[in-house]
Amino acid sequence: MTVFEELRNGKPYDIRDDQYRKEVHTEIGRCRHLCFVINSTDPDEMQKIKDLEHQLVEDMADTAFLTPPFQIDCANCLHLGNNVFANHGLTVMSVGTITIEDGVMMGPEVGLFTVNHDPLNIRIIKTGAIHICKDAWLGSRVSVMPGVTICEHAIVASGAVVTKDVEPWTVVAGVPANVIKKIEH
């Protein structure tokens, strides 16, 4: 089993562990380089950007697009559906796995964080997968914490910090995010 699989299955990991460093830091280095190349590419070279994004994120639908600049640490744990769109400034810490379904929209400077540290030993990390379901919308500067699912057609207001699951057809806002209203549909 790989370190990524063990993290996905809930195993805590010491970031000083040799196998962790070998597997995770290799992927972080690959992603750091490709993010640098993408972020340095002329924005008018859209096809080049799309091609590079597909090198970075292997499980990325052809119709998904991430607007540079962005930073992704472990793109091998990121899954992007059809018509996913992220505006500039996206920050993704995906070692714990992130799945973003079809039609999801993300505003500028959204942060998706699957990693946390043990408060008694900050060198030990724990992960929780993030799942953003079909047609959800995350406003600008939203932060999504480890283990959160944002259900279908949910809306997360700008600046919210999402620490728990968001029900379908629901608007949440605030720090931490709380339900504002249900969406009539």
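What counts, and at which threshold
- Residues numbered from 1 in each chain as written.
- Predicted model: local features only at pLDDT ≥ 70, side-chain atom pairs only at ≥ 80, totals over all residues.
- Heavy atoms only, no water.
- Helix = DSSP H or I, 4+ residues; strand = E, 2+ residues; numbered from the N terminus.
- Rg over C-alpha atoms; globule rule 2.2 N^0.38 Å.
- Buried < 20%, exposed > 50% of the residue type's maximum accessible area, 1.4 Å probe, protein only.
- Contact = heavy atoms within 4.5 Å.
- Areas by Shrake-Rupley, 256 points an atom, 1.4 Å probe, with all protein chains shown as cover.
- Lys, Arg positive; Asp, Glu negative; His and termini not counted.
- Charge placed at Lys NZ, Arg CZ, Asp CG, Glu CD.
- Disulfide = S-S within 2.5 Å.

1. Here we look at the overall build of the chain
Along its length, the chain carries 3 helices and 20 strands. In terms of overall dimensions, the chain is globule-like: its C-alpha atoms have a radius of gyration of 16 Å, near the 16 Å expected for 185 residues. By its C-alpha atoms, the chain is 50 × 45 × 25 Å across when sized along the principal axes. Counting across all 185 residues of the chain, residues that qualify as buried make up 44%. Residue pairs at least 24 apart in sequence account for 27% of intrachain contacts in the chain once pairs closer than 6 positions are excluded. Carbon and sulfur atoms provide 54% of the accessible area of the chain, an area that totals close to 9300 Å². Seen as two clouds, the 16 positive and the 25 negative side-chain charges of the chain have centres 7 Å apart.

2. Details of the state of the cysteines
Under the counting rule described, the total for this entry stands at 0 disulfides. Of all cysteine sulfurs in the structure, the one in C74 sits closest to C31, which takes part in no disulfide; the separation is 6.1 Å. For C31, a relative accessible area of 0% translates into the label buried. Its sulfur unpaired, C35 is 6.2 Å from the next cysteine sulfur, which belongs to C31. Relative accessible area serves as the criterion here: at 0%, C35 is assigned to the buried category.

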